[in-house]
Amino acid sequence: MEISILGSAGSEAPGLNPPAFLIDNFLLLDAGTVALTLDKIAQCRLTHVFLTHAHLDHLKGIPFLLDNLVAMNPTCHILVLSGKEVISDIRKHIFNNRIWPDFTAIPDVQNPVMRYQVISTRKPVVIGDYRIMATRVNHTVPAYGYLVEHASGASLLYTGDTGPTEAIWKRMRGHNVKALIVEVSFPNELISHALATGHLCPSLLEAEIRKMPSIPAKIYVSHLKPPYRPQIAAELARIPGVCLELLKEGKTFRIQ
Ligand SMILES: [Zn+2]
Ligand SMILES: [Zn+2]
């Protein structure tokens, strides 16, 4: 699997974009940044968008992507997948013909540019050689992390936004998780704010790592709030025994 980082910050700043991870050119995990970084052909190649939750920084690329797809080519369309609360929220509060058009009826209901699919935490979504499993995480709104497995055996685990959590680490058991993308939003001095808002700081991540049944070869850290980036980076570097890598927009990595 090839994973391209379209965005991995916990907000916006010049050169730092909200989270979106593109897998093998067709599957997006979160959609905080899409058309700002993908050209027309790459936008049309997208077919599946898995949302971790309905916070704006994780979905704000979708409205503009849809606008572009409709204008570009009638064969380009996407399926947006997530848990039922997330799909319900974006249907009600974003694509409601007030904030943005209901693209499940554009250009027409028979052949819309966007469809929704509600997914369960008990049954994987199978797309060709890929198997995607959702697991609830601990955030201020209903939120899911995703385990993406390829038939080759390699798998990626993405937590999305979460505070201290349990189920997603248990989900690692029996799967060959080669890479983990985990969030750290705040520095250690803001630990109580991190806990109150369903996020991690470096000391909380250290405790989460101890819960993992095995440590993935690569742990990538995302969702840093831009003003705290240097402080968080320094604190992450002091966590013993693991090599953590900060994700950066424009980076691509492979797992196999
Ligand atoms: Zn969030
Ligand atoms: Zn977020």
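Only a predicted model underlies this, so the values are computations on that prediction, with no experimental measurement involved. (Residues numbered from 1 in each chain as written. Chains lettered and ligands numbered in written order. Predicted model: local features only at pLDDT ≥ 70, side-chain atom pairs only at ≥ 80, totals over all residues.)

A. Broad picture of the sheet that holds strand E11 (residues 177–183). Taken in spatial order, the seven strands of this open sheet run E7-E8-E9-E10-E11-E12-E13, and their pairing is mixed. Both outer strands of the open sheet, strand E7 (125–127) and strand E13 (244–246), are each paired with one neighbouring strand and no more. Taking each pair of neighbouring strands and ignoring which way they run, the sheet shows an average axis angle of 20°. By the bridge criterion, seven bridges tie strand E8 (residues 130–136) to strand E9 (residues 144–150) in an arrangement that is antiparallel. (Pairing = 2+ DSSP bridges. Helix = DSSP H or I, 4+ residues; strand = E, 2+ residues; numbered from the N terminus. Axes fitted to C-alpha atoms, helices over the stretch in contact; angles between N-to-C directions.)

B. Structural context of helix H7 (residues 202–211). When H7 is considered as a whole, its buried residues turn out to be Pro202, Leu204, Leu205 and Glu208. Within H7, the buried residues cover an arc of 150° as seen down the axis, which keeps them to one side. Turned more than 90 degrees away from the buried face of H7, the exposed residues are Ala207 and Arg210. (Buried ≥ 20, exposed ≤ 12 C-beta atoms within 10 Å, placed from the backbone. Arc of directions from axis to C-beta.)

C. The arrangement of the sheet that holds strand E4 (residues 48–50) in detail. With respect to topology, seven strands assemble into an open sheet ordered E6-E5-E4-E3-E2-E1-E14, the strand pairing being mixed. The sheet is open, and its two edges are formed by strand E6 (114–118) and strand E14 (252–254), each paired on a single side. In this sheet, neighbouring strand axes are inclined to one another by 25° on average, regardless of whether the strands run parallel or antiparallel. Here strand E1 (residues 2–7) runs beside strand E2 (residues 20–23); their pairing, made up of four bridges, is antiparallel. By the bridge assignment for E2, serine 4 is matched with leucine 22. Of the strands in this sheet, strand E5 (78–82) and E6 touch helix H4 (residues 84–93), which is tilted by about 150° from E6. (Contact = placed C-beta atoms within 7 Å.)

D. The nonpolar core, seen in detail. Counting 72 residues, the largest nonpolar core has Phe21, Leu28, Val49 and Tyr146 as the members making the most contacts within it. The dominant element in this core, judged by the number of residues it contributes, is E11, at five residues. Setting aside chain neighbours within four positions, we find valine 49 in contact with Leu28, Ala31, Ile62, Ile78, Val80 and Leu81. (Core = buried A, V, L, I, M, F, W, Y, C linked by C-beta atoms within 7 Å.)

E. Here's a closer look at helix H3 (residues 61–72). For H3, built from twelve residues, the straight-helix expectation of 16 Å at 1.5 Å per residue is met to within 8% by its first-to-last C-alpha distance of 16 Å. Buried residues of H3: Gly61, Ile62, Pro63, Leu65, Leu66 and Leu69, and no others. Residues of H3 that are buried make contact with E2, helix H1 (40–45), E4, helix H2 (56–59), E5 and E6. (Expected span 1.5 Å × (residues − 1).)

F. Expanded view of the environment of lysine 225. With respect to the helices and strands, the residue lysine 225 is situated in the loop between strand E12 (218–222) and helix H8 (229–237). On the neighbour-count criterion, lysine 225 (18 C-beta atoms within 10 Å) is partly exposed. Linking lysine 225 and glutamate 12, residues 213 residues apart in sequence, is a C-alpha distance of 8.4 Å. Sequence-distant contacts of lysine 225, defined by excluding residues within four places in its chain, comprise Gly10, Ser11, Ser185 and Phe186.

G. Local environment of the environment of leucine 195. For leucine 195, the position within the fold is in helix H6 (residues 191–196). On the basis of neighbour counts, which here come to 16 C-beta atoms within 10 Å, the residue leucine 195 falls in the partly exposed class.

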